[in-house]
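# Descriptive structure summary
Now for the letters of each chain:
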Amino acid sequence: MVNKKSIHGEWSSRFAYILAATGSAVGLGNIWKFPYITGENGGGAFVLVYLACVLAIGIPIMIAETMMGRRGRQSPINTLATLSTEAGANKYWHYLGWMGVTAGVLILSYYSVIAGWANAYVFKAIFGGFSADAVEVKATFDEFIASPMQLVFWHTLFMIATMSVVMRGVNGGLEKAVQLLMPTLLALLVLLVGYAMTTGEAYFQGLSFLFSPDFSEIDSDAVLTAMGHAFFTLGLGMGAIMVYGSYLPSNVSIAKTSLYIAGADTIVALLAGIAIFPLVFANGLEPGSGPGLIFQTLPIAFGNMTGGWLFGILFFVLLVFAALTSSISLIEPVVAWLVENKGFTRSKASVVSGLVTWALGVSVALSFNVWSDFTIFNKTIFNFLDYLTANLMLPIGGFCIAVFSTWVMHDKHVREELALPEQQYILWRYLASYVAPAAVFLVFLHVLGVV
Ligand code: PHE
């Protein structure tokens, strides 16, 4: 018999869940990562592959993962143990939960470093204002990431903020904060798109970079990155949405809410792209400049526009909050597990997991400066962790979730949870049992050079 309610609590309403899950999905992935990896991978064709992955792989897996969470009602590790017992399957499935928990910690270790950059930029905006000159803006950024002390300081601050929210439980103050922040962030992005339109010729160059696909620009690794990003940006494959699903009241439609969340996430990413690329072209910057891209472009817009001082501050504040609502979902699976299995209080669980993540994050911060020559498989610590988690662990996790929910769980139980009309259920089942796993598998084979 499965539990009716999680011991950690429940969202107060369907709306509260949508906000929290959107908060988990929308974050640095949309505003920081999507533009820079699109720039590195040649634009339009990459965007198209990413969108196709969201539709054919991401959404069906989001439905599957949320459904498993709500049925298991525990941390991903225990949820998988419970569900595999219920299905009469091998207990080893709970290792999938372990992989997810590990991925969450690894992702947060670099996520919090980048969120720290955004946080530092709030202060740069307040005290210096931004220069309207592209060269100066780039110099400011280069100088900033060259300083290990500064990066570690901001990373530490962000980790403290994350852990203090997690300590209070995910459905405390968080629900209310997200309600206000998300719409404001959206409004600011629209404002930035408005500014991008004033760049004339460059605006159209930006749009064409993003939306006219040239498939000669992408290779198998770009396809893997696009697919990995679909998982990353939706927050799939590591148990974040599973643990949020475990706090979901039983009467809420999982499929419908998943569509809203994926829709909102995609809109935010595209808006960020439309705001940023015109600035890249208008200022003669390289689209493929890497992780610093938004920090080297958006300040120029704020430096130029009327009221830019205030908008600049607001934007980076909101970016920090968007990162915060994602980072708590990254660490929640391991916190929930420590509470369930080790008898830790929420506070102790938060401190312990936070410290481990923080320590790893310090090495990431150093990989941008003093340790930039240290490489693992030819990648800096930051690049290695990003590749390992987003391109490998999340897609593998997602693949297993798709397989578990359709090939292992009993059809009757899945139907019960999803409560979908027959046609829609069949469509989901087809996508989750065949299309999504086959697509992930093919992309891996392609990268390995087998097909
Ligand atoms: N989706 C978040 C973002 O785009 C990051 C994230 C990844 C959150 C994995 C949860 C799980 O910023």
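This one's a predicted model, so the numbers in the text were calculated from it and none came from an experiment. (Residues numbered from 1 in each chain as written. Predicted model: local features only at pLDDT ≥ 70, side-chain atom pairs only at ≥ 80, totals over all residues. Heavy atoms only, no water.)

## Examining the layout of surface pockets
Operational definition: In this analysis, the protein atoms alone were mapped onto a 1 Å grid. Cavities are point sets where a 1.4 Å probe fits without being able to get out; pockets are open sets with protein on both sides within 12 Å along at least five of seven lines; lining residues have an atom within 4 Å of a point. Grid points are joined across faces, edges and corners, and a volume is the space filled by probe spheres set on the points. Each helix is a run of H or I in the DSSP string that is no shorter than four residues. Each strand is a run of E no shorter than two, and both are numbered from the N terminus. Gly is put with the polar residues, along with every residue not named as nonpolar or charged; the nonpolar set is Ala, Val, Leu, Ile, Met, Phe, Trp, Tyr, Cys and Pro, and the charged set is Asp, Glu, Lys and Arg.
Considered as a void within the structure, the largest pocket measures approximately 330 Å³ in volume. Around the largest pocket, the lining comprises 13 residues; the ones closest to its centre are I59, I63, A255, L259 and L427. Those elements giving two or more residues to the lining of the largest pocket turn out to be helix 3 (44-72), helix 12 (254-282) and helix 18 (422-447). Each residue belonging to the lining of the largest pocket can be placed in one class, and the counts come to ten nonpolar, two polar and one charged.

## Looking at empty space enclosed by the protein
This structure, assessed with the given rule, holds three cavities of 30 Å³ or more. Its volume calculated, the largest cavity comes out at about 140 Å³. S24, F232, G235, S326 and L330 are the residues nearest the centre of the largest cavity, which is lined by 17 residues in total. Among the secondary structure elements, those contributing two or more residues to the lining of the largest cavity are helix 1 (14-25), helix 5 (94-127), helix 10 (220-234) and helix 14 (308-342). Residues of the lining of the largest cavity, tallied by class, amount to ten nonpolar, seven polar and no charged.

## A word on the pattern of salt bridges
Note on pairing: side chains with opposite charge can pair once their charged atoms come close. Threshold: For this analysis, a salt bridge means a side-chain nitrogen from Lys or Arg found within 4 Å of a carboxyl oxygen belonging to Asp or Glu. The classification of residues rests on relative accessible area computed with a 1.4 Å probe and restricted to protein chains. Under 20% of the type maximum is buried, over 50% is exposed, and intermediate values are partly exposed.
All told, the structure shown has twelve salt bridges when counted by the stated rule. As a salt-bridge pair, R73 and E10 come within 4.0 Å of each other at their nearest N and O atoms. Here R73 is found in the loop between helix 3 and helix 4 (76-86), whereas its partner E10 is found in the segment before helix 1, with 63 residues between them in sequence. One salt bridge connects R429 with D411, and the closest N-O pair in it is separated by 3.1 Å. Placement of the pair is R429 in helix 18 and D411 in helix 17 (residues 411-418), with a sequence separation of 18 residues. With a relative accessible area of 28%, D411 lands in the partly exposed category.

## A few points about the site of the ligand
To be explicit about the condition: We call a residue near a molecule or strand as soon as one heavy atom of that residue lies within 4 Å of the molecule or strand. N or O atoms closer than or at 3.5 Å make up a polar contact, with two conditions inside protein: a donor-capable atom paired with an acceptor-capable one, and, for residues adjacent in sequence, both atoms drawn from side chains. Computed by Shrake-Rupley with a 1.4 Å probe, the accessible areas treat only the displayed protein chains as cover when residues are assessed. For this analysis, a molecule is said to be in a pocket or cavity if more than half of its atoms are within 2 Å of the grid points defining it.
Close to the ligand lie 15 residues, the nearest being A25, G29, Y111, F232 and T233. In this structure, a nitrogen atom belonging to the ligand sits 2.9 Å away from a main-chain N or O atom of A25. Separating an oxygen atom of the ligand from a backbone N or O atom of G29 is a distance of 2.8 Å. Within the complex, the protein chains bury 100% of what would otherwise be the 320 Å² of accessible surface of the ligand. When atoms are counted within 2 Å of each cavity's grid points, the one that captures over half of the ligand is the largest cavity. For the shell around the ligand, the secondary structure elements donating two or more residues are helix 1, helix 2 (28-40), helix 10 and helix 14. Its residues assigned to classes, the shell around the ligand comprises seven nonpolar, eight polar and no charged.

## Here we look at unusual backbone geometry
A positive phi is found at R73, a non-glycine position, where the angle reads about 55°. Look at R73 and you get buried, because its relative accessible area is 3%. Of note in the backbone geometry, A419 takes a positive phi value of approximately 45° without being a glycine. Topologically, A419 is positioned in the loop between helix 17 and helix 18.

## Structural notes on a nonpolar patch on the surface
Note the threshold: A patch consists of residues whose relative accessible area exceeds 30% and which take part in no salt bridge; residues with like charges are grouped when within 9 Å of each other, and nonpolar side chains (Val, Leu, Ile, Met, Phe, Trp, Tyr) when within 5 Å.
A surface patch of nonpolar side chains, amounting to about 550 Å² of accessible area, comprises F123, I126, F127, W309 and L310. No other element matches the three residues that helix 5 contributes to the nonpolar patch. Positionally, W309 belongs in helix 14.

## Let's talk about the state of the cysteines
This is how the line gets drawn: The criterion for a disulfide is a pair of cysteine sulfur atoms lying within 2.5 Å.
Counting across every chain of the model gives zero disulfides. Here C53 is not disulfide-linked; the sulfur of C400 is the nearest cysteine sulfur, at 17 Å.

## Description of the packing of helix 9 (residues 201-211) against helix 12
Note the following rule: Under this scheme, a helix contributes an axis fitted over its contacting stretch, all axes are lines through C-alpha atoms, and angles between N-to-C directions fall in the 0 to 180 degree range. Geometric relationships in this document are graded by angle, where less than 35 degrees denotes roughly parallel, more than 145 denotes roughly antiparallel, 65 to 115 denotes roughly perpendicular, and other angles denote oblique. Crossings are assigned a handedness: left-handed for a near helix turned anticlockwise from the far helix by less than a right angle, right-handed for a clockwise turn. Working rule for contacts: check all heavy atoms of both residues, and any pair within 4.5 Å makes them a contact.
Interaxial distance between helix 9 and helix 12 falls to 7 Å at its minimum, and their mutual angle equals 125°. The orientation of helix 9 with respect to helix 12, classified from their angle, is oblique. Crossing geometry of helix 9 relative to helix 12 is assigned as right-handed. Across the interface between the two elements, A202, Y203, Q205, G206, L207, F209, L210 and F211 from helix 9 touch L270, G273, I274, F277, P278, F281 and A282 from helix 12.

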